[in-house]
Amino acid sequence: DAGVTQSPTHLIKTRGQQVTLRCSPKSGHDTVSWYQQALGQGPQFIFQYYEEEERQRGNFPDRFSGHQFPNYSSELNVNALLLGDSALYLCASSLGGPATYNEQFFGPGTRLTVL
Amino acid sequence: RKEVEQDPGPFNVPEGATVAFNCTYSNSASQSFFWYRQDCRKEPKLLMSVYSSGNEDGRFTAQLNRASQYISLLIRDSKLSDSATYLCVVNMRRIYNQGGKLIFGQGTELSVKP
């Protein structure tokens, strides 16, 4: 049973560029949440996708957007990259959307460096 | 004020020691509480949920005090393999349809030495 997978593992971009990160949820899960973890900090919630719609959003600018596909996989897009966007981006999958407390399982993350 | 605050750490303890982590949360609408463990450069993994009655899993004991908005984690007989960052996590009330939004503390690093 495959767990949560993310790609790519590492990514280096320059300021102003755009980036797309990908996540495949754990088998049987239909909900994907994205988190940003800066060095030395806890993860911060970016947004959650369920039924192909953004259901909740944290305090992140519109430069951060996402998508969920019919197979429940998800993408995180970040436009106009800033140096401060350098972080570990974590995807978490769960079952049942924002009205549930089901455990979230995290993927290994994508480490983004913005130069 | 941060929504979830933890001891800044790091904690450096010898093998066999007992170590306690403390955490406070600011939003009384918080509904569910957890401790996650994160190894260096890895993803967070659920260590245990925290209940008002307190709960224990082997060497690990978690406590919740809703009145004080305080959560704790106690590790007894520390092992080298316990070295990691421990994250305090809360989840909002389901009625606000925010059941999936985990709010993390900044984490407390634990280093267990031989």
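Our structure is the block above this text.
### Examining the overall build of chain A
At step 1: Secondary structure summary: chain A contains zero helices and 11 strands in total.
At step 2: Taking 13 Å as the expected radius of gyration for a compact globule of 115 residues, we find that chain A reaches 13 Å, a close match to that expectation.
At step 3: For chain A, the spread of C-alpha atoms along the three principal axes comes to 35 × 25 × 25 Å.
At step 4: A buried classification covers 49% of the 115 residues belonging to chain A.
At step 5: Sequence separation of 24 or more characterises 54% of the internal contacts of chain A that already satisfy a separation of 6 or more.
At step 6: Surface summary for chain A: the accessible area is close to 5200 Å², and the carbon and sulfur share equals 49%.

### Observations concerning the sheet that holds strand β7 (residues 64–68) of chain A
Residue and element names in this part refer to chain A.
At step 1: Spatial strand order, β1-β3-β8-β7: four strands in an open sheet with antiparallel pairing. Every interior strand has two partners, whereas the edge strands, β1 (5–7) and β7, have only one. Taken pair by pair, the neighbouring strands of this sheet meet at an average axis angle of 20 degrees, ignoring direction.
At step 2: Here β1 pairs with strand β3 (residues 19–24) via three bridges, running antiparallel. Looking at β3, one finds that Ser 7 is bridged to Arg 22.

### Quick look at the sheet that holds strand β8 (residues 70–75) of chain B
Residue and element names in this part refer to chain B.
At step 1: The five strands lie next to each other as β1-β3-β8-β7-β6, forming an open sheet whose pairing is antiparallel. Only two strands of the sheet have a single partner each, and these edge strands are β1 (4–6) and β6 (55–57). Across the sheet, the axes of successive neighbouring strands diverge by a mean angle of 15 degrees, strand direction being ignored.
At step 2: Note that β1 and strand β3 (residues 19–25) share three bridges and pair antiparallel. Bridge assignment links Gln 6 to a residue of β3, and that residue is Cys 23.

What counts, and at which threshold
Residues numbered from 1 in each chain as written. Chains lettered and ligands numbered in written order. Predicted model: local features only at pLDDT ≥ 70, side-chain atom pairs only at ≥ 80, totals over all residues. Heavy atoms only, no water. Helix = DSSP H or I, 4+ residues; strand = E, 2+ residues; numbered from the N terminus. Rg over C-alpha atoms; globule rule 2.2 N^0.38 Å. Buried < 20%, exposed > 50% of the residue type's maximum accessible area, 1.4 Å probe, protein only. Contact = heavy atoms within 4.5 Å. Areas by Shrake-Rupley, 256 points an atom, 1.4 Å probe, with all protein chains shown as cover. Pairing = 2+ DSSP bridges. Axes fitted to C-alpha atoms, helices over the stretch in contact; angles between N-to-C directions.

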